[in-house]
Amino acid sequence: MLAQKLHLLRHNVLSFVSSRTGSDLTRRQYDVIVVGGGHAGTEAAAAAARLGAETLLITQKIMTIGALSCNPSLGGVGKGQLVREVDALDGLCGRAGDWAGVHFSILNRSKGPAVWGPRAQLDRERYRQFIQSELLSTPRLTVLEGSVDELLVSQPNPEEPGHHRVTGIRLVDGSHPILSSSVVLTTGTFLSGSLFMGQTTSPGGRMGDAQSCAGLSYTLKETLGLRVGRLRTGTPPRIVKESVDLSLAQLQAPDKQPTPFSFLNTHTHCKPEEQLPCYLIHTTPGVERVVRESVHLNCHIQQDAKGPRYCPSIESRVLRFPGRRHQVWLEPEGLTSDLLYPQGLSMTMPPDVQLRLLREIPALHRAEIRTPGYGVQYDFVCPTQLTPSLQVKSTQGLFLAGQINGTTGYEEAAAQGLWAGVNAGRTALSLPPMALSRTQSYIGVLIDDLVGRGVTEPYRMFTSRAEFRTYLRPDNADLRLTPRGFEEVGCVTLQRYKKAVSVRDGLQEALMALQSVALSSTRWREKLGNISLSENKSTTLNGLDLLQYKDVSFEMLASVFPECLSQYFEYSQRLKIEAVYRPHCEKQSREMERIRREESLSLPSDMDYLSLPVSLSQEVREILDRVRPNTLGAATRLPGMTPAGIIHLLNYVLRTGQRNRHTEHRNRSSQKEGEKGQLCASNIPISQ
């Protein structure tokens, strides 16, 4: 079925391009034009079309639509939550991951389910094919191969905010304009992109693709007056698998039972026994030596543009943390691929030096490079110039999504793309824009961070960025977002909506059934045997209360009350998670209320944030040390500051403040006792 769709896609798109001339296109008015066929662009185009908007997707190369430009993986901690939320809103990447995955694992499994990170290694070819086949089967979506030279800008609608209005685009081939009501830019690293390898620099956003057009950057900066910055990223060399001595690497097996990303899927396309392993290796002192000896040959790392903090090049890691041993993951690129992707070895030195560096690692002592690593620098638009709908504040009808907003990662791009596509479609159809609150979703957290705080380095999603992460779990994204996506937003199909409503109703019935069965602690111990229920606990507990205990499962409770609970076995894991997190969600709400009440709390001016004995990331410590906010409220508004960090900081300041007040009180009491003693002594007559 997929092969048939892909064949049709090639035929339909190529025939569209070859059969229509530039003059034909001027007679076609689209509701939405999406520029760029990466993760943001594909989600934006599909979302706008699902909404009912006639949509045109323009990409430089049709056959690179959905390509995995860097690492062949999807999901992870924080990122996996975004994938599941995109899927809950009927996006593409979750189902594509289930089709193309070759190694599935849940990261952070030793911690609570709220911070589990669904992740998969992907087959590059399968992922690309799935995305392309889905775009073909999306009604009202047309794909055009071409490069955009400039935006068409006109006077704004006086009844709406903004200084300009975008009315379409002009292609670089000089053909007539293509008109639209909304335009979504998802240019990735192609906006004034430059490629770096050693001391060589060339224009472009990805090796092997045509360079980006300067006209689009000019329109954004000069015509629209947008503030634009510069960021950088990079990719590692691809290694021939047969040249690697895997006996010297530590094997990392996938989960025995793969967990799908999509709520529509009960299993993945790749069977459990067909999954491929990953391998763990480490850098050596020889790697550091090669980096230091070749710094003068590497112009990319000498640039001022900010690189990604959480996915830095090996040069940056070695120079910033000398003497350390760094992890490197050897990841498969597909079931039939003969290449390995060395995650953690992004580098931009000359190709011959890259080979020298690789061979300093025992498992890679005979390594051969198929494609060398390289760096990219590109323009991004400061995202504080956007509204929560991802529309440019000063320009009606222009939406931005993905790396153009200063983010990094497929998942962050897909999430923005979907939401920009939704609002571009709604704007074109004369519907009001929609926003997602950070209390509702990780997508809401992502967008609120971008438009409210901006970025100083490529933004990456973490669970610590969400205040309500015990509620914003990967297991309940469908319950949080799918009903709203259908009833209010309009981007969810009826099929998915019906399934989500069925699950929601089933879970509610199961929760009521659990609450309806209640026994004393003694009776529960008699029926369930050896469980960690205190013998001193004499209160009556219902099934939901009992399910909060670690060693109690839904299956155990169903064995005691089969007539009430056995029909809900399909929800057993979700019921367990819901029971465990219910008190935590209530506690988290109280903590956030504390933060709102304590916004005026003063922070000591001499506080040593870098060595503060609390759980704060190095990024948060550096932000606090650099800015030194006067109040807790000021700290909450700092770019890059996490809600978890605010809570830890609040607790520390209150705790030390109480301790200091107690010490001062004790000192004052001692002082008063001393003064009283002195007074009494002064009243004693001196013996003669």
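Each chain carries its own residue numbering, running from 1 in the written order of its sequence. In keeping with the predicted nature of the model, local features appear solely for residues at pLDDT of at least 70, side-chain atom pairs appear and are counted solely at 80 or more, and the whole-chain, interface and lining totals rest on all residues. Side-chain calculation: all heavy atoms of the structure are included, whereas hydrogens and water are not.

### What to know about the overall build of the protein chain
- A tally of regular secondary structure across the protein chain gives 22 helices and 23 strands.
- We call two residues contacting when some pair of their heavy atoms lies within 4.5 Å. Once local pairs closer than 6 in sequence are excluded, the contacts in the protein chain between residues at least 24 apart make up 73%.
- Values of accessible area rely on a 1.4 Å probe in the Shrake-Rupley scheme; residue burial ignores everything except the protein chains shown. Per element, the accessible surface of the protein chain, about 30,000 Å² overall, is 51% carbon and sulfur. Every helix listed is a DSSP run of H or I at least four residues long, and every strand listed is a run of E at least two residues long, numbered separately from the N terminus.

### Here's the deal with the packing of aromatic side chains
- Working definition: rings of Phe, Tyr and Trp (its six-membered ring) pair if their centres are within 6.5 Å, and the pair is stacked with planes under 30 degrees apart, edge-to-face with planes over 60 apart, and tilted otherwise. Counted by the stated rule, this structure contains 5 aromatic pairs.
- Taking 6.5 Å as the distance between ring centres and 50° as the angle between the ring planes, the aromatic pair formed by phenylalanine 104 and phenylalanine 261 counts as tilted. Remark: phenylalanine 261 occurs in the loop between β14 (250-252) and β15 (278-282) and phenylalanine 104 occurs in strand β4 (residues 101-107); sequence separation between them is 157 residues.
- We call a residue buried when its accessible area falls under 20% of the maximum for its residue type, exposed when it is over 50%, and partly exposed in between, using a 1.4 Å probe and counting protein chains only. Here phenylalanine 104 falls in the buried class, since its relative accessible area comes to 1%.
- Ring geometry for phenylalanine 554 and phenylalanine 569: centres 6.0 Å apart, planes at 90°, overall edge-to-face. Residue phenylalanine 554 is located in helix α17 (residues 554-560), and its partner phenylalanine 569 is located in the loop between α18 (562-565) and α19 (572-597); the two are separated by 15 residues in the primary sequence.
- On the basis of relative accessibility, which here comes to 1%, the residue phenylalanine 554 falls in the buried class.
- For phenylalanine 569, a relative accessible area of 38% puts it in the partly exposed group.
- Any Lys NZ or Arg CZ that is within 6 Å of a ring centre and within 35 degrees of that ring's normal is treated as a charge sitting over the ring. Of note, arginine 84 hangs over the ring of phenylalanine 263, and the distance from its end group to the ring centre comes to 4.1 Å.

### Quick word on the sheet that holds strand β16 (residues 327-332)
- The pairing criterion is simple: DSSP has to find at least two bridges between the two strands. One open sheet holds the 6 strands; their spatial order is β14-β15-β16-β17-β13-β18, and the pairing between them is antiparallel. Because the sheet does not close on itself, it has two edges, and the strands there are β14 and β18 (369-371). The average angle at which neighbouring strand axes cross in this sheet is 35°, direction not considered. Angles run from 0 to 180 degrees between N-to-C directions of axes, and those axes are lines fitted to C-alpha atoms, restricted for helices to the stretch in contact.

### Observations concerning unusual backbone geometry
- Positive phi outside glycine occurs at leucine 390, with the angle close to 70°.
- Take leucine 390: its relative accessible area is 0%, and that puts it in the buried class.
- Positive phi, normally seen in glycine, also occurs at serine 430, with a value near 60°.
- Secondary-structure assignment places serine 430 in the loop between α11 (410-428) and α12 (442-453).
- On the basis of relative accessible area, serine 430 is assigned to the exposed category, the value being 67%.

### Looking at the sheet that holds β4
- One open sheet holds the 3 strands; their spatial order is β3-β5-β4, and the pairing between them is antiparallel. Sheet topology places β3 (73-75) and β4 at the edges, where each strand pairs with a single neighbour. For this sheet, the mean inter-axis angle between neighbouring strands, taken without regard to orientation, is 20°.
- Where β3 lies against strand β5 (residues 117-122), 3 bridges are found, and the strand directions are antiparallel. When the sheet's bridge partners are listed, leucine 74 is paired in β5 with alanine 120.
- The sheet contacts of helix α4 (residues 79-88) involve β3 and β5, and relative to β3 the element is tilted by about 80°.
- Against the sheet, helix α5 (residues 93-100) engages β3, β4 and β5, with an angle of about 115° to β4.

### Here's the deal with helix α14 (residues 494-516)
- For α14, with 23 residues, the first-to-last C-alpha span of 33 Å sits near the 33 Å given by 1.5 Å per residue.
- Residues of α14 that are buried include every one of Arg496, Tyr497, Ala500, Val501, Val503, Gly506, Leu507, Ala510, Leu511, Ala513 and Leu514, and no others. To estimate the expected span of a helix, count its residues, drop one, and scale the result by 1.5 Å.

### So, the confidence of the model for the protein chain
- Confidence of the predictor in every single residue is expressed as pLDDT, which spans 0 to 100. The predicted model of the protein chain averages 88 in pLDDT, with 89% of residues at 70 or higher.
- Under a pLDDT of 50 for its full length, residues 11-27 has, in the predicted model, 22 contacts with residues more than four places off or in other chains.
- Note that pLDDT drops below 50 for residues 677-688; the model gives that stretch 0 contacts with residues more than four away or on any other chain.

### Let's talk about helix α7 (residues 214-223)
- What α7 keeps buried is the set Leu216, Ser217, Thr219 and Leu220. Considered in projection along α7, the buried side chains sweep an arc of 155° and stay on one side of the axis. Those residues of α7 that are exposed and aimed more than 90 degrees away from the buried face are Ala214, Tyr218 and Glu222.
- In this structure, the buried side of α7 is in contact with β7 (148-154), β9 (178-185), β19 (374-381) and β21 (398-400).
- Of the residues trailing α7, glycine 225 is marked for its positive phi of about 70°. What the arc measures is the spread of directions leading from the helix axis to the C-beta atoms.

### Section: the layout of surface pockets
- Estimates place the volume of the second largest pocket at around 830 Å³.
- Taken together, 30 residues form the lining of the second largest pocket, with Arg84, Thr259, Phe263, Gln573 and Arg574 sitting closest to its centre.
- Among the elements of the structure, α13 (477-489), α14 and α19 are those that each provide at least two residues to the lining of the second largest pocket.
- Ten residue types, Ala, Val, Leu, Ile, Met, Phe, Trp, Tyr, Cys and Pro, are classed as nonpolar, four, Asp, Glu, Lys and Arg, as charged, and the remainder, Gly among them, as polar. Residue composition of the lining of the second largest pocket, by class: 14 nonpolar, 8 polar and 8 charged. With a 1 Å grid spanning the protein atoms alone, the term cavity applies to any set of points in which a 1.4 Å probe fits but cannot get out, the term pocket to an open set with protein on both sides within 12 Å along at least five of seven lines, and the term lining residue to any residue with an atom within 4 Å of a point. Grid points are joined across faces, edges and corners, and a volume is the space filled by probe spheres set on the points.

### Some remarks on the packing of α14 against α19
- Direction vectors running N to C along α14 and α19 enclose 65°, while the axes themselves pass 11 Å from each other. As α14 runs across α19, the sense of the crossing is right-handed. Contact residues: Val503, Leu507, Ala510, Leu511, Leu514 and Gln515 in α14; Arg574, Leu575, Glu578 and Arg582 in α19. Left-handed describes a crossing in which the near helix is turned anticlockwise from the far one by less than a right angle; the clockwise case is right-handed.

### Re the pattern of salt bridges
- We count a salt bridge whenever a side-chain nitrogen from Lys or Arg sits within 4 Å of a carboxyl oxygen from Asp or Glu. By the definition in use, this model includes 33 salt bridges.
- Residue glutamate 134 is joined to arginine 95 by a salt bridge in which the shortest nitrogen-to-oxygen separation is 3.1 Å. Of this pair, glutamate 134 sits in helix α6 (residues 124-136) while arginine 95 is found in helix α5, placing the two residues 39 residues apart along the sequence.
- When its relative accessible area of 13% is taken as the criterion, glutamate 134 is described as buried.
- The class of arginine 95 is buried, set by a relative accessible area of 16%.
- We note a salt bridge from arginine 128 to glutamate 125, for which the minimum N-O separation is 2.3 Å.

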